[in-house]
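Reading the structure
The lines below spell out each chain.
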Protein chains: 2
Amino acid sequence: MRKINENEIQKVKLDDVADKAGVSRTTVSRVLNNRGYISDKTRQKVHEAVELLNYQPNEIARSLFIKKTFIIGLIFPTTNNPFYGQLIFHLENICESFGYRVLLCNSQGREDKERNYLKMLLRHQVDGIIAGAHNRGIEEYNNQHLPLVGIDRFLSKNIPVVSSDNYDGGKKATQLLIDKGCKQIIHINGSPSLETPANLRREAYEDVMKENEFHPRTYIIGDNVIEKLFDENPNVDGIFASDDLIAANVIREAKRRNRNIPDDLKVIGYDGTETTRILLPELSTIQQPVKEIADLAIKLLMKQINGESEPQIEWKLPIKLIKGETT
Amino acid sequence: MRKINENEIQKVKLDDVADKAGVSRTTVSRVLNNRGYISDKTRQKVHEAVELLNYQPNEIARSLFIKKTFIIGLIFPTTNNPFYGQLIFHLENICESFGYRVLLCNSQGREDKERNYLKMLLRHQVDGIIAGAHNRGIEEYNNQHLPLVGIDRFLSKNIPVVSSDNYDGGKKATQLLIDKGCKQIIHINGSPSLETPANLRREAYEDVMKENEFHPRTYIIGDNVIEKLFDENPNVDGIFASDDLIAANVIREAKRRNRNIPDDLKVIGYDGTETTRILLPELSTIQQPVKEIADLAIKLLMKQINGESEPQIEWKLPIKLIKGETT
DNA sequence: ATCTATATGTCAACCGGTTGACATATTCAT
DNA sequence: ATGAATATGTCAACCGGTTGACATATAGAT
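Notes on the structure follow. All of these numbers come straight from a predicted model, not from anything done at the bench. (Residues numbered from 1 in each chain as written. Chains lettered and ligands numbered in written order. Predicted model: local features only at pLDDT ≥ 70, side-chain atom pairs only at ≥ 80, totals over all residues. Heavy atoms only, no water.)

**Regarding the protein's contact with DNA strand C**
Basically, it comes down to this: By convention in these notes, a residue is near a molecule or strand provided one of its non-hydrogen atoms lies within 4 Å of it. Each helix is a run of H or I in the DSSP string that is no shorter than four residues. Each strand is a run of E no shorter than two, and both are numbered from the N terminus. Throughout, the ten residues Ala, Val, Leu, Ile, Met, Phe, Trp, Tyr, Cys and Pro are labelled nonpolar, Asp, Glu, Lys and Arg are labelled charged, and all others, Gly among them, are labelled polar.
By nearness alone, 27 residues border DNA strand C, and Ser 24, Thr 26, Tyr 37 and Thr 42 of chain A together with Lys 13 of chain B come closest of all. Within 4 Å of the protein, the atoms of DNA strand C are drawn from sugar and phosphate moieties in a proportion of 60%. Contributing elements (two or more residues each) for the surface near DNA strand C: helix 2 (25-33) and helix 4 (59-66) of chain A together with helix 2 (25-33) and helix 4 (59-66) of chain B. Its residues placed into classes, the surface near DNA strand C shows nine nonpolar, ten polar and eight charged.

Have a look at this one:
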């Protein structure tokens, strides 16, 4: 560090290292990037100077020239949710192992925020984006030739989507309730207007119900849905919630109404995150392969970044049925 | 977008806009940044060109010149934890409202990772860092004159630390167990070698215990601590866990041993995150003011970024005792 | 001694913006 | 008509790296 004048402290830059080592700027850059012929003596002088000055290359300057930032944008509703928290953890982790860093965007399910984040990421020249936000109709996703992968979320018809096998999950959840003898099974799901593969959970639920000659009934998440559900269906004896938090709310409401779980009412959720397994281990649920989803998403993104082609658009990973004490 | 040759597609740049609008590069920059005198006619021409070409300024180039990236680095153990997930959500959110973006780093409690992340953030020229990672002795935190704020974590003696009132939390938790009639109360905590204000939870526990003429006993988190705790203390009737996930594990083990909660054994946790409140609402806990912590941390960071001085180093925010069914 | 191949290093343009210094045009007062 | 003030815009240097083109030195071959 070198003082220019009071208060202003200049960061060490390449030229300082070059001066110290008694070589040119280029030589230092060559040494640091291992390019061209450099004698051991020079190499060492440079490394000593770098060490001595504690030089940290300015990635911004580097990025500008090489037109690559090694930054991936992540757009998800919120880290304050066990599923996304766990997913983002793995995504960040894997990115890091590939030498990429991660700009985090919590879109909070708001289309305007998502759009702004997308623009911001483009201005920041990110090398790719992984999005699992919950909005549709962001046309910006289409006309960018930017590496992009969706998680549980259709972004545009040519953009790969990675998700768990939602249909199978919905099927297994519903089947479990039926096998356990439930007669009136209700499903709680997010709005079907969101174009997400998670809608397949509902589809599977309806298919299985019909196959077994039951009448499917789905409630859409919203204010007081759970209370309404219980009020309108006093005899409900099986509930398939499309995520574990909803399932937890169902359980709470059931307790409030003195419904005994699993005797009077069986409940199964969806996600099976680590946090849920710890906080609510008795919950039956469909566990998503979160790490595998993250792995695949990054793999597909890296392929795009490296210009390799990949025709497959939809990717489904196997889920796992966890039978707990709530069924 | 303008094709240079096959496959390569050049992003629209300032010069393209200038050409389109029939003015110079400077003029476009002036219009976009509202500097100097620009006639309405010129201004409009430029805006039209920007619109037409869908121009997105390259923030990398801009950052390089103005020496400011509007990026804040966040270093925390993992988003896959309800407390950090919620905290990071708020931090990102508030940053966004100030026009800053966030580079996320999951240090996983590993000192080497934390150190590497720190270096990476410096190379990326972040404007500031908020760290709540769980290691000590990262000397790099000291000699950087970089805006820095710790959350629940001492980084260096001049770096502000924001935390909840851990002493008060520990006191209230312990006192509650005593008030409820517990005679043998045990505390489970992280390693005291981590220099975190969270150690005050333990200190308060010990102080309150002694005041009440009880013998304090603390177990450090590790393999099978909980089983060991029960094995070694068959008569334990109160457990104060230093976070809610541990409390949940305690509850699970207690059930396995057919200990009735709260009759035979009372349990209280710490954190009281939204996720815990949903998944395990019956848990008694000390709730941290997560959003307020985030607010204050960002406020302190912004002060540093703007060069304002702030003598206070330690900041404590009030916690809230939530009495649930486990006590 | 001359020529070529191999090492080693320097120069200067470039990435895409920003901005101080400067040039020109227009308006207004004297 | 002249000078000063105001309006409008251009030029070129700069941010801190990277890299192709080029210069020089040394070694080895003929």
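Still more ground to cover, so stick around.
**Here we look at the protein's contact with DNA strand D**
For clarity, the cut-off: Pairs of N or O atoms are called polar contacts if they sit within 3.5 Å, as long as, within protein, a hydrogen donor faces a hydrogen acceptor (for residues adjacent in sequence, only side-chain-to-side-chain pairs).
Close to DNA strand D lie 26 residues; Lys 13 and Ser 29 of chain A together with Thr 26, Tyr 37 and Thr 42 of chain B are nearest. Looking at DNA strand D alone, sugar and phosphate atoms form 60% of those within 4 Å of the protein. Contact distances for DNA strand D include 3.1 Å between a base oxygen and a side-chain N or O atom of Arg 25 of chain A. Elements with a contribution of two residues or more to the surface near DNA strand D: helix 2 and helix 4 of chain A together with helix 2 and helix 4 of chain B.

**Remarks on the pairing of strand 12 (residues 284-287) of chain B**
All names here are of chain B. The cut-off we apply is this: Strands are labelled as partners when DSSP assigns at least two bridges between them. For the handedness criterion, the strands are oriented away from the viewer, and a crossover whose path from the first strand over the helix to the second runs clockwise is classed as right-handed.
When strand 11 (residues 266-271) meets strand 12, the two strands line up parallel, connected through four bridges. Within strand 12, the residue paired with Ile 268 across the bridge is Ser 284. After leaving strand 11, the chain enters helix 11 (residues 274-279) and then returns to the sheet as strand 12, a path that is right-handed. Sheet topology note: the strand 12/strand 14 (residues 320-322) ladder contains three bridges and is antiparallel. Bridging across to strand 14, Gln 287 finds its partner in Lys 320.

**Focus on the relation of the copies chain B and chain A**
Put simply, the rule reads: The superposition of copies rests on a least-squares fit of C-alpha positions from residues with pLDDT of 70 or more in both. Any two residues whose heavy atoms approach within 4.5 Å at even a single point are treated as in contact.
Aligned on chain A, chain B shows an RMSD of 0.1 Å; the corresponding rotation is 180° and the shift along the axis is 0.1 Å. Viewed as a symmetry operation, the transformation between the two copies matches a two-fold axis. Considering only C-alpha atoms, the part of chain B nearest the rotation axis is Leu 103 of chain B, at 2.3 Å. Most of the interface of chain B is mirrored in chain A, where 98% of its interface residues are also at the interface.

**Some thoughts on the pattern of salt bridges**
Residue and element names in this part refer to chain B. Inclusion rule: What counts as a salt bridge is simple: a side-chain nitrogen of Lys or Arg found within 4 Å of a carboxyl oxygen of Asp or Glu. Here's how the labels work: a residue is buried when its accessible area is under 20% of the maximum for its type, exposed when over 50%, partly exposed in between, all with a 1.4 Å probe on protein chains only.
Under the definition given, this model contains 34 salt bridges over all chains. Glu 59 is the partner of Arg 101 in a salt bridge, and the nearest nitrogen-oxygen pair spans 3.9 Å. A residue pair is termed long-range when its members are at least 10 positions apart, and Arg 101 in strand 4 (residues 101-106) and Glu 59 in helix 4 qualify at 42 residues. For the pair shown, Arg 101 and Glu 59 are each scored as buried. For Arg 153, the salt bridge goes to Glu 114, with nearest N and O atoms at 3.1 Å.

**Considering the interface of chain B and chain A**
On the side of chain A, 58 residues touch chain B, which itself brings 58 residues to the contact. Linking chain B with chain A are four salt bridges, by the criterion used here. For Arg 123 of chain A, the salt bridge goes to Glu 59 of chain B, with nearest N and O atoms at 3.4 Å. Summed over the shared surface of chain B and chain A, the number is 19 residue pairs in polar contact (both at pLDDT 80 or more). When residues of the side of chain B that touches chain A are traced back to their parent elements, those giving at least two are strand 2 (8-10), helix 4, helix 5 (82-97), strand 4, helix 6 (111-123), helix 10 (244-256) and helix 11 of chain B. Top element by residues in the side of chain B that touches chain A is helix 5 of chain B. It accounts for eight residues. Classifying every residue of the side of chain B that touches chain A gives 23 nonpolar, 20 polar and 15 charged.

**What about unusual backbone geometry?**
Residues and elements named next belong to chain A. Here Ile 261 and Pro 262 are connected by a cis peptide whose omega angle stands at 5°. Looking at the secondary structure, you find Pro 262 in the loop between helix 10 (244-256) and strand 11 (266-271). Despite not being glycine, Asn 34 has its phi angle at roughly 55°, a positive value. Note on placement: Asn 34 falls in the loop between helix 2 and helix 3 (40-53). Look at Asn 34 and you get exposed, because its relative accessible area is 61%. Positive phi values are uncommon outside glycine, yet Gln 108 reaches one of about 55°. Mapped onto the fold, Gln 108 is located in the loop between strand 4 (101-106) and helix 6 (111-123).

**Things to note about the environment of Leu 103 of chain B**
Counting through the fold element by element, Leu 103 of chain B comes out in strand 4. When the C-alpha positions of Leu 103 of chain B and Val 126 of chain B are compared, they lie 8.6 Å apart, and in sequence the two are 23 residues distant. When sequence neighbours within four positions are dropped, the list of residues in contact with Leu 103 of chain B reads Arg 101, Val 102 and Leu 103 of chain A together with Ile 71, Ile 72, Gly 73, Leu 74, Leu 121, His 124 and Val 126 of chain B.

**Focus on the nonpolar core**
A general trend in soluble globular proteins is that nonpolar side chains are found buried together. Stated formally: Only buried residues count toward a nonpolar core, which is a set of Ala, Val, Leu, Ile, Met, Phe, Trp, Tyr and Cys residues joined through side-chain atoms within 4.5 Å.
Within the largest apolar cluster, 57 residues are counted, with the highest numbers of intra-cluster contacts made by Leu 87, Leu 91 and Ile 130 of chain A together with Leu 87, Leu 91 and Ile 130 of chain B. Those residues in contact with Ile 130 of chain B, other than ones at most four positions away along the chain, are Ile 72, Gly 73, Leu 74, Ile 75, Phe 76, Leu 91, Val 149, Ile 151, Ala 297, Ile 298 and Leu 301 of chain B. By size, the runner-up hydrophobic cluster in this structure holds 44 residues, among which are Ile 188, Leu 245, Ala 248 and Leu 280 of chain A.

**A closer look at the packing of helix 1 (residues 14-21) of chain A against helix 3 of chain A**
All names here are of chain A. We apply this condition: To define axes, lines are fitted to C-alpha atoms, for helices over the stretch in contact only, and angles between the resulting N-to-C directions are given on a 0 to 180 degree scale. Working rule for angles: under 35 degrees goes down as roughly parallel, over 145 as roughly antiparallel, 65 to 115 as roughly perpendicular, anything else as oblique. Note on convention: the crossing is left-handed when the near helix lies turned anticlockwise from the far helix by less than a right angle, right-handed when the turn is clockwise.
Their axes nearest at 8 Å, the elements helix 1 and helix 3 cross at an angle of 125°. Relative to helix 3, the element helix 1 is oriented oblique. Handedness of the crossing formed by helix 1 with helix 3: right-handed. Residues Asp 16, Val 17, Lys 20 and Ala 21 of helix 1 form the contact with helix 3, whose own contacting residues are Lys 45, Val 46, Ala 49, Val 50, Leu 52 and Leu 53. Residues belonging to the contact of helix 1 with helix 3 are distributed by class as follows: seven nonpolar, no polar and three charged.

**Brief notes about the packing of aromatic side chains**
Our working definition: Two aromatic rings from Phe, Tyr or Trp, using only the six-membered ring of Trp, form a pair when their centres are within 6.5 Å; if the ring planes differ by under 30 degrees the pair is stacked, by over 60 it is edge-to-face, and anything between is tilted. We call a charge positioned over a ring when the NZ of a Lys or the CZ of an Arg lies within 6 Å of the ring centre and within 35 degrees of the ring normal.
The final tally for this structure, using the stated rule, is six aromatic pairs over all chains. The interplanar angle of 65° and the centroid separation of 5.4 Å between the aromatic rings of Phe 83 of chain A and Tyr 84 of chain A together place this pair among those described as edge-to-face. Measuring from ring centre to ring centre gives 5.7 Å for Phe 76 of chain B and Tyr 84 of chain B, while their planes differ by 45°; the resulting arrangement is tilted. What makes Phe 76 of chain B buried here is its relative accessible area of 0%. Pairwise contacts between aromatic rings join Phe 76, Phe 83 and Tyr 84 of chain A into one cluster. The ring of Tyr 270 of chain A carries the charged tip of Arg 201 of chain A above its face, separated from the ring centre by 3.6 Å.

**A closer look at the sheet that holds strand 14 of chain B**
All names here are of chain B. Across the sheet, which stays open at both edges, the six strands sit in the order 9-8-10-11-12-14 with mixed pairing between neighbours. Single-partner strands in this sheet number two, and they are strand 9 (217-220) and strand 14. The sheet shows a mean angle of 20° between the axes of neighbouring strands, taken without regard to direction. Its contacts with the sheet place helix 10 against strand 8 (185-189), strand 10 (238-241), strand 11 and strand 12, and it is angled at close to 155° to strand 11.

**Some details on the sheet that holds strand 10 (residues 238-241) of chain A**
All names here are of chain A. One open sheet holds the six strands; their spatial order is 9-8-10-11-12-14, and the pairing between them is mixed. The open sheet is flanked by strand 9 (218-220) and strand 14 (320-322), the only strands paired with a single partner. Between one strand axis and the next, the sheet turns through 20° on average, direction left out of account. Contacting strand 8 (185-189), strand 10, strand 11 and strand 12 (284-287), helix 10 runs over the sheet at an angle of about 160° to strand 11.

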